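For reference, the chains in residue letters:
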Amino acid sequence: MDYLNSKATLEAYSSDSSIYTVAPKLVRLVNSTGDIVNTLQFAGQNGMTVTPRGGGTGVVGGALGAGIILDFSNFKKIMEVDTDNRTVVTQVGIIYDELNLFLRKSGLYFPPDPSSGDSCQIGGMLAGNSSGPSSLKYGLTSDFVEELSVIKPSGQQVIA
Ligand SMILES: Cc1cc2nc3c(=O)[nH]c(=O)nc-3n(C[C@H](O)[C@H](O)[C@H](O)COP(=O)(O)OP(=O)(O)OC[C@H]3O[C@@H](n4cnc5c(N)ncnc54)[C@H](O)[C@@H]3O)c2cc1C
């Protein structure tokens with residue numbers, strides 16, 4: 001089943017780390033880019049909003065929405081590590097600490113270091129340009145982004 005809508009699921013996705021509560025109508029677990037495109041098309045045809053959700057650690061209710069929630073927790077594959085150029089290509093659902101645990105094997109480190117690093121995802125960090133104690137010396141999330149593959153509301157995929 002593409003969309004989840006049990007009472008328990010909708011309740012679980014109706015809160016994040018903010019003070020707000022908003023119950024969605026549907027939830028979809030993202031496993032591929034196609035899932036995102038299909039959901040955007042479905043939402044457009046049915047007049048529904050789409051809200052991406054990472055680790056749900058945001059404190060301003062950004063991961064809450066009354067339409068469809070796209071949960072990126074399964075979208076966490078690391079595709080490529082280039083030690084010479086010190087770059088990594090990854091899907092956005094990977095948790096910050098998990099990424100650094102993986103990169104440590106190659107002697108690399110992604111520094112922004114938010115205190116919520118054991119739960120927040122790279123997608124959420126990108127959306128909020130997260131930072132932490134290491135940012136004073138090394139910089140914010142945006143200082144470590146070379147290229148993004150972005151899916152527009154129309155479903156069109158662009159490289160930014
Ligand atoms: C205890 C605690 C400590 C924290 N410490 C810090 C800190 O030190 N520094 C800091 O900067 N922040 C901190 N935060 C805030 C928060 O953890 C960060 O902003 C974090 O990066 C959010 O990531 P997330 O994956 O949990 O995003 P979520 O809360 O799930 O979502 C946040 C926003 O990102 C969007 N989003 C998520 N995934 C995607 C995606 N794949 N594509 C597009 N948009 C997406 C959501 O729609 C939402 O608008 C803290 C929060 C808590 C609760």
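To start, this report covers the structure provided alongside it. Since we're looking at a predicted model, the values are computed, not measured.

Examining the packing of aromatic side chains
Ring pairs (aromatic) are described by centroid distance and by the angle formed between their planes.
(1) Moving on: Scanning all chains against the criterion turns up four aromatic pairs.
(2) Moving on: With centroids separated by 5.9 Å and ring planes inclined at 75°, the aromatic side chains of F72 and F75 adopt a geometry described as edge-to-face.
(3) Moving on: Given the relative accessible area of 11%, F72 is considered buried.
(4) Moving on: Residue class for F75 comes out buried when judged on its relative accessible area of 9%.
(5) Moving on: Seen in terms of ring centroids, F110 and F144 are 5.9 Å apart; in terms of plane orientation they differ by 85°. Their pairing is edge-to-face. Taken together, the residues span a long stretch of sequence, with F110 in the loop between α3 (96-104) and α4 (122-128) and F144 in the loop between α5 (135-138) and β6 (149-151) at a distance of 34 residues.
(6) Moving on: By way of ring pairs, the aromatic residues Y96, F110 and F144 are connected into one cluster.

Concerning the site of the ligand
(1) Moving on: The full set close to the ligand counts 23 residues, and P52, T57, S116, S130 and S131 are the nearest of them.
(2) Moving on: The separation between an oxygen atom of the ligand and a polar main-chain atom of G54 is 2.7 Å.
(3) Moving on: Between S131 and the ligand, the recorded distance is 2.6 Å, taken from a backbone N or O atom to a nitrogen atom.
(4) Moving on: When the ligand is considered free in solution it has 970 Å² of accessible area, and contact with the protein chains removes 71% of it.
(5) Moving on: For the shell around the ligand, the secondary structure elements donating two or more residues are β2 (50-53) and α4.
(6) Moving on: Class assignment of the residues belonging to the shell around the ligand gives a composition of eight nonpolar, 14 polar and one charged.

Structural notes on the sheet that holds strand β3 (residues 68-71)
Hydrogen bonding along the main chain pairs the strands of a sheet, whether they run parallel or antiparallel.
(1) Moving on: Strand order across the open sheet formed by three strands is β1-β3-β2, with parallel pairing between neighbours. Each edge of the open sheet carries a strand with a single partner, namely β1 (26-29) and β2. Recorded for the sheet is a direction-independent mean angle of 25° between the axes of neighbouring strands.
(2) Moving on: Pairing between β2 and β3: four bridges, direction parallel. Bridge pairing in β3 links T51 to I69.

How each quantity is defined
- Residues numbered from 1 in each chain as written.
- Predicted model: local features only at pLDDT ≥ 70, side-chain atom pairs only at ≥ 80, totals over all residues.
- Heavy atoms only, no water.
- Phe/Tyr/Trp six-rings, centres within 6.5 Å; stacked < 30°, edge-to-face > 60°.
- Buried < 20%, exposed > 50% of the residue type's maximum accessible area, 1.4 Å probe, protein only.
- Helix = DSSP H or I, 4+ residues; strand = E, 2+ residues; numbered from the N terminus.
- Near = heavy atom within 4 Å.
- Polar contact = N/O pair within 3.5 Å; in protein donor to acceptor, adjacent residues only side chain to side chain.
- Areas by Shrake-Rupley, 256 points an atom, 1.4 Å probe, with all protein chains shown as cover.
- Nonpolar A, V, L, I, M, F, W, Y, C, P; charged D, E, K, R; others polar.
- Pairing = 2+ DSSP bridges.
- Axes fitted to C-alpha atoms, helices over the stretch in contact; angles between N-to-C directions.

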